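Residues per chain, in single letters:
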Amino acid sequence: MIPTDRMAAVDANAAALGVPRKQLMESSGNAVAREVRAVADPGATVALVCGRGNNGGDALVAARFLTEYAVRVHLLGRPETVRTDIARENWAALGKAEIPRETVTDSRDLDLAAPDGDDPDVIVDAMLGSGISGGLREPERTAAAAINASDATVIAVDVPSGIDADTGDPTGGPDAVAVDADRVVTFHDEKPGLAALDAAVAVADIGIPAAAERYTGPGDLLGLDRDPDSHKGDNGEVLVVGGGPYTGAPTLSALAALRAGADLVRVACPESVADAVQGFSPNLIVRPLPGDRVGSSHAARVASLAAENDVVVLGPGLGDGDGTREFVREFLTAYDGQAVVDADALRVVPEVDTDADLICTPHQGELVDMGGETAADPDERAELVREFAADLGHVLLVKGAVDVIADADGVRLNRTGNPGMTVGGTGDVLAGTVGALAAVTDPFRAAAVGAYVVGRAGDAAADANGAGLVATDLPDRLPEAMRNE
Ligand SMILES: NC(=O)C1=CN([C@@H]2O[C@H](COP(=O)(O)OP(=O)(O)OC[C@H]3O[C@@H](n4cnc5c(N)ncnc54)[C@H](O)[C@@H]3O)[C@@H](O)[C@H]2O)[C@@H](O)CC1
Ligand SMILES: [K+]
C-alpha cells in the first residue's frame, strides 16, 4: 500500500537510480494493454480517453501495444498543451504509427462510438491519475459522464478519473462526477483508496527497483519546499541543549539546523561556554545556564525554553558528567514535545518514561549501549533496528556506512556519505539537521531526509577537501544538498 505522495517520491528515486519515467510509462502502457487483452478478444473495439498528463501518456503507450484491436485514441485538449515531454512524444509516435487518434477540445465533440455506431467493447479511462486536484473540470467532466453512460467495460488507468487514490472519495465532493470503472490497473503497489471502490483492482509491476523505496533519494525531498507566504517561525524553531565539556558540538548542531531551514535556533548551554558558542555566529541565540555543566538544577529552565520551540536537540557536547544523566532523565520525563536525542543523552532513553516523540541518533556503539543489537548482514541489521525502535516507541537513526532509519512500521536505508565523515562533529551536524526537519515534517521522514542530505553535504565536502574534510565544512553545503535534483 503506497500513498500518492510517497509514490511520487519513489518515482523520482527510481529516476535517480537510472530508471526514468519514460521507461516506467512504457511499462505502465504495456500493463494497461495486458488488462485490455484480459477482458476483450482481438478485433474488439477499444476507446482510449486520454488526459494531458502522464496518466494520459500511459494510454498513449497502451495504444501501441494493441495492434490486434480496433483502437481509437481520444486526446482531451490540443496536443501542444500536453503537459509533459514524455506524453507528447508518445502522442507524436502514434501519429507516425498511423494509429487512429483525434483531439477533443469541446467536450460535446467527444464521440466514443465504434465505427459501426455501437458502444466500444472497452473504454480505457486515462484522463486523470495521481495529478488530480479538485473536482473534474471540462472536458473531463462531460467525458466521465459519457464513459459512465456507455455499456463498455471500463478500465481505469492507475485510478478512476475524479477519484482520490488516497481516500477513494470523489475529488470534487461526495456528489461530484467521477469515472465508475469496472477494473483499475494501478502501478507498483496498491493505493489506499482503491479497495473501497466497486472495481477489480490489478497491481502492475512497472519495473521500479525495490531500492527506490528502500533507500533514500532525491524524491524524499519532494514537498519540503518553503511556503512562499510563510512568516518567521513557520519554518521551525529549534532549541539545542548541550555543551559544557565541549563547545563545538552544540554550535555545529545549531548552525546545521539553521542551514537546514529552521527560522530560529536557540542554544541552551552552560554559561562557561556561552560566549564561545555565541562567538561562532551572530545567527545563534544563546541562552546561558548557570555553571559549567548542564545538570538537573536546569531541568525546569530548559523545559520552559523547550516550550517555546518546535523541537529540542538534546545531547551535543553535553558530556557524561555528574548530574547530566539526571538532567536528561528529569527533562524527558516531563517533556511531551519532539526531540532529537544524540550522544551522551542517548543512554538515558531506554530507562525513561516519556510522552515525548523522540528521534534517537546513535552510532552502532551507542546503539549497543542503549540495549540494541546489531548484525553484519544489512537486512538482519535493519530488522533488528526496526524491532528495537518498536520496543522503544521512538524513531531510530542508526549511523553507519549505511544508515538505518526505523520506527515500528518501517525501515529506510541511506547510503549517501563517505568514510571522511568519521571525523568528529558530523554527528552533531546530523542531529541539528534532523531537528530542523522534524519541525516541518514527520519524525521518520525528518530522520531519513536528514541522513540523506548530511551524507550528500559530506560527499560534496569530500569532493572539495578529500581526506581533509572537517565537520564545519558541512552546514554551508546543506542548502545545496537539500535541492531536489
Ligand atoms: N511512478 C509514477 O508516479 C508513475 C506515474 N505514471 C502515471 O502518471 C500519472 C500521474 O501523472 P501526472 O502527474 O502527469 O498527473 P495526471 O495525469 O493525473 O494529471 C495531469 C494534469 O491534469 C490537470 N488537472 C488536475 N486536476 C484536474 C481536474 N480536476 N480536472 C481537469 N484537469 C485537472 C493538471 O493540470 C495536472 O497537471 C499516474 O496516475 C500514472 O498514471 C506512470 O506513467 C508511470 C509511473
Ligand atoms: K485514470
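Residues numbered from 1 in each chain as written. Chains lettered and ligands numbered in written order. Predicted model: local features only at pLDDT ≥ 70, side-chain atom pairs only at ≥ 80, totals over all residues. Heavy atoms only, no water.

## Remarks on helix α4 (residues 85–96)
With twelve residues, α4 ought to run about 16 Å at 1.5 Å a step, and its terminal C-alpha atoms sit 17 Å apart, in line with that. On its buried face, α4 is in contact with α2 (21–39), α3 (54–64), β2 (70–76) and β3 (101–104). Phi for Glu98, located one or two positions after α4, is positive at around 60°. (Helix = DSSP H or I, 4+ residues; strand = E, 2+ residues; numbered from the N terminus. Expected span 1.5 Å × (residues − 1). Contact = heavy atoms within 4.5 Å.)

## Details of the pattern of salt bridges
Pairing is possible between side chains of opposite charge, provided their charged atoms come close. Summed over all chains, the structure comprises 21 salt bridges. Taking the shortest distance from any N to any O, the salt bridge between Glu26 and Arg64 comes out at 2.9 Å. Residue Glu26 is located in helix α2, and its partner Arg64 is located in helix α3; the two are separated by 38 residues in the primary sequence. On the basis of relative accessibility, which here comes to 27%, the residue Arg64 falls in the partly exposed class. In this structure, the salt-bridge partner of Glu383 is Arg386, at a minimum N-O distance of 2.9 Å. Here Glu383 pairs with Arg386, and both are found in helix α12 (residues 378–392), just three residues apart, close to one helical turn. Look at Glu383 and you get partly exposed, because its relative accessible area is 34%. (Salt bridge = Lys/Arg side-chain N within 4 Å of Asp/Glu carboxyl O. Buried < 20%, exposed > 50% of the residue type's maximum accessible area, 1.4 Å probe, protein only.)

## A closer look at the UniProt feature "binding site: AMP" (unreviewed entry) in the chain
Per the UniProt record, "binding site: AMP" (unreviewed entry) is annotated on Gly427. Residue placement: Gly427 occurs in helix α13 (residues 426–438). Given the relative accessible area of 17%, Gly427 is considered buried. Those residues in contact with Gly427 that lie beyond four places of it in its chain are Asp342 and Lys399. (UniProt positions renumbered as here; feature names shortened; annotations may be inferred.)

## Considering the coordination of the potassium ion (ligand 2)
The expected angle between donors at a tetrahedral four-coordinate metal is 109.5 degrees. At an octahedral six-coordinate metal it is 90 or 180 degrees. Coordination of the potassium ion (ligand 2) by the protein comes from Asn55 (OD1), Asp125 (O), Leu128 (O), Val157 (O), Val159 (O) and Ser161 (OG), over a distance range of 2.6 to 3.2 Å. Each of the six donor atoms around the potassium ion (ligand 2) contributes to a set of angles spanning 66 to 173°, which defines the coordination as irregular. All donors of the potassium ion (ligand 2) come from a single chain, and their spacing in sequence reads N-x69-D-x2-L-x28-V-x1-V-x1-S. Here Ser161 lies in the loop between β5 (153–157) and β6 (183–187) and Leu128 lies in the loop between β4 (122–126) and α5 (140–149), a separation of 33 residues in the sequence. (Donors = N, O, S within 2.8 Å, 3.2 Å for Na, K, Ca; no water. Tetrahedral: all angles 85-135°; square planar, octahedral: opposite > 155°, others 65-115°.)

## With respect to the environment of Ala467
Its location among the elements puts Ala467 in the loop between α14 (443–465) and α15 (478–481). In this structure Ala467 comes out as exposed when scored by relative accessible area, which is 82%.

## A word on the site of ligand 1
As a structural note, the neighbourhood of ligand 1 is formed by 25 residues, with Asn55, Asp58, Gly129, Gly135 and Asp158 the closest of them. The contact in question runs from a nitrogen atom of ligand 1 to an N or O atom on the side chain of Asp11, over 3.2 Å. One of the side-chain nitrogen or oxygen atoms of Asp58 is found 2.4 Å away from an oxygen atom of ligand 1. Contact with the protein chains hides 88% of the accessible area of ligand 1, taken as 880 Å² for the molecule alone. It is α2 that provides the largest number of residues to the shell around ligand 1, a total of four residues. Class assignment for the residues of the shell around ligand 1 results in eight nonpolar, ten polar and seven charged. (Near = heavy atom within 4 Å. Polar contact = N/O pair within 3.5 Å; in protein donor to acceptor, adjacent residues only side chain to side chain. Areas by Shrake-Rupley, 256 points an atom, 1.4 Å probe, with all protein chains shown as cover. Nonpolar A, V, L, I, M, F, W, Y, C, P; charged D, E, K, R; others polar.)

## Re the sheet that holds strand β7 (residues 200–204)
The strand order across the open sheet built from seven strands is β3-β2-β1-β4-β5-β6-β7, with neighbouring strands paired in parallel fashion. Each end of this open sheet is capped by a strand with a single partner; those strands are β3 and β7. Strand after strand, the sheet turns through a mean of 20° between neighbouring axes, direction not considered. Two elements, β6 and β7, share five bridges in a ladder whose sense is parallel. Opposite Thr186, over in β7, you have Val203 as the bridge partner. Together, β2 and β3 form the strand contacts of α4, whose direction differs from that of β3 by roughly 130°. (Pairing = 2+ DSSP bridges. Axes fitted to C-alpha atoms, helices over the stretch in contact; angles between N-to-C directions.)

## Comments concerning the pairing of strand β12 (residues 338–341)
Where a strand is regular, its side chains alternate between the two sheet faces. Of the two faces of β12, the one carrying Gln338 and Val340 and the one carrying Ala339 and Val341 are both buried. Here strand β11 (residues 311–314) pairs with β12 via four bridges, running parallel. Counterpart to Val312 in the pairing with β12 is Ala339. Taken together, β11, helix α10 (residues 324–334) and β12 form a β-α-β motif whose crossover is right-handed. Inspection of the sheet shows β12 paired to strand β13 (residues 357–360) by four bridges, in the parallel sense. Counterpart to Val341 in the pairing with β13 is Cys360. (Right-handed = clockwise from strand over helix to strand, strands pointing away.)

## Digging into the domain arrangement of the chain
Once the domains are mapped, the chain shows domain 1 (4–214) and domain 2 (223–481). Across the domain 1/domain 2 interface, buried area totals approximately 420 Å², and carbon plus sulfur atoms make up 33% of it. On the domain 1 side of the contact with domain 2, Arg6, Leu17 and Arg214 bury the most area, a combined 88% of that side's loss. With its nearest N and O atoms 2.7 Å apart, the salt bridge here joins Asp379 to Arg214. On the surface where domain 1 and domain 2 come into contact, there are three residue pairs in polar contact (both at pLDDT 80 or more). With three residues, helix α6 (residues 211–214) is the largest single contributor of residues to the side of domain 1 that touches domain 2. Among the residues forming the side of domain 1 that touches domain 2, the class breakdown is two nonpolar, no polar and three charged. (Domains from an automatic or database assignment. Buried area = accessible area lost by both parts, 1.4 Å probe.)

## Considering the pairing of strand β15 (residues 403–406)
Neither face of β15 is left uncovered, since the one carrying Asp403 and Ile405 and the one carrying Val404 and Ala406 both have all their residues buried. Bridging between strand β14 (residues 395–398) and β15 involves three bridges; their strand directions are antiparallel. Bridged to Leu396 within β15 is Ala406. Here β14 folds back onto β15, and the loop between the two strands holds four residues. Pairing of β15 with strand β16 (residues 411–414), which is carried by four bridges, proceeds in the antiparallel orientation. For Asp403, the partnering residue across the bridge sits in β16 and is Asn414.

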